[in-house]
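# Geometric and topological summary
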Amino acid sequence: SSGINAEYGGAIGALPNLGPGPMRIAQRMRLEPNQIEGVQKRMQHEGHWCMLLALPHCTDPVSLSTQTTVLQQGFISYLDSKQAAGIINLSVPEQTSPYVLHIFPPCEFTRVNMKRFCPELMEGAGDCGYLLIVIATV
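Residues numbered from 1 in each chain as written. Predicted model: local features only at pLDDT ≥ 70, side-chain atom pairs only at ≥ 80, totals over all residues. Heavy atoms only, no water.

## Re the side chain of Thr137
Definition in use: Working definition: helices are DSSP H or I runs of at least four residues, strands are E runs of at least two. Numbering for both runs from the N terminus. Any two residues whose heavy atoms approach within 4.5 Å are treated as being in contact.
By the element assignment, Thr137 lies in strand β5 (residues 131-137). Not counting the four nearest positions on each side in its chain, Thr137 is found in contact with Arg42, His48, Ser97, Pro98 and Tyr99.

## Quick look at a nonpolar patch on the surface
Heads up, the condition is: The residues that make up patches have over 30% relative accessible area and no salt bridge, and they are joined within 9 Å when like-charged or within 5 Å when they are Val, Leu, Ile, Met, Phe, Trp or Tyr. A 1.4 Å probe and the Shrake-Rupley method give the accessible areas. Residues count as covered only by the protein chains that appear here. The salt bridge criterion pairs a side-chain nitrogen of Lys or Arg with a carboxyl oxygen of Asp or Glu, the two atoms within 4 Å. Partly exposed describes any residue whose relative accessible area lies between the buried limit of under 20% and the exposed limit of over 50%, with all areas from a 1.4 Å probe on protein chains only and scaled to the type maximum.
Together, Ile25, Val70 and Phe75 give the surface a local cluster of nonpolar side chains, amounting to about 240 Å² of exposed area. Mapped onto the fold, Phe75 is located in helix α3 (residues 61-82). Of the residues examined, Phe75 reaches a relative accessible area of 38% and is grouped as partly exposed.

## Considering the pattern of salt bridges
In this structure the tally under the stated criterion is two salt bridges. Measuring nitrogen to oxygen at the nearest pair gives 3.5 Å for the salt bridge that ties Glu37 to Lys41. Of this pair, Glu37 and Lys41 both sit in helix α2 (residues 33-42), four residues apart, roughly one helical turn. Here Lys41 falls in the partly exposed class, since its relative accessible area comes to 48%.

## Quick notes on the sheet that holds strand β4 (residues 99-104)
Note the threshold: What makes two strands pair is DSSP finding at least two bridges between them. Helix axes are fitted to C-alpha atoms over the stretch in contact, other axes to C-alpha atoms as well, and angles between N-to-C directions run from 0 to 180 degrees.
With antiparallel pairing, the five strands of this open sheet are ordered in space as β1-β3-β4-β5-β2. This sheet does not close on itself; its edge strands, each paired only once, are β1 (27-30) and β2 (49-54). When the angles between neighbouring strand axes are averaged without regard to direction, this sheet yields 25°. Alignment of β1 against strand β3 (residues 84-90), held across four bridges, turns out to be antiparallel. Looking at the pairing, Met29 lines up with Ala85 of β3. Seen against the sheet, helix α4 (residues 108-117) touches β2, β4 and β5 and runs at an angle of roughly 80° to β5.

## Description of unusual backbone geometry
Backbone geometry places Gln83, a non-glycine residue, at a positive phi of 50°. Structurally, the position occupied by Gln83 is in the loop between α3 and β3. Judged by its relative accessible area of 42%, Gln83 is partly exposed.

The analysis is restricted to geometry; functional conclusions fall outside its scope.
Encoded structure:
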């Protein structure tokens, strides 16, 4: 079975309740400096953003291999081929500010921010593929 491992327990509690069901990438953002600058500006407002690392996780080696393949071929290769991050705009009931969720494939932005915020995860994450997710208020 898969799950979420919260290294920093407070991060999970700070997330908005997004409700059940899948989310769909509605837009793409080019991985260009002027586009990434907008995300970096949002990340300067403490308490208005969080960063998550999406990794395959499973105790069964066969399932882990399947999850890794889906992540690599389904998400990472698609975003890499478009040289883009995925964007999901979220309206959360009972919240005044909407959220925007950016999904980044491995790139310079992800490497810089992982080195800054979670250097201990950088080494192992690259082996199996990962997505860096930034959720921020609009």
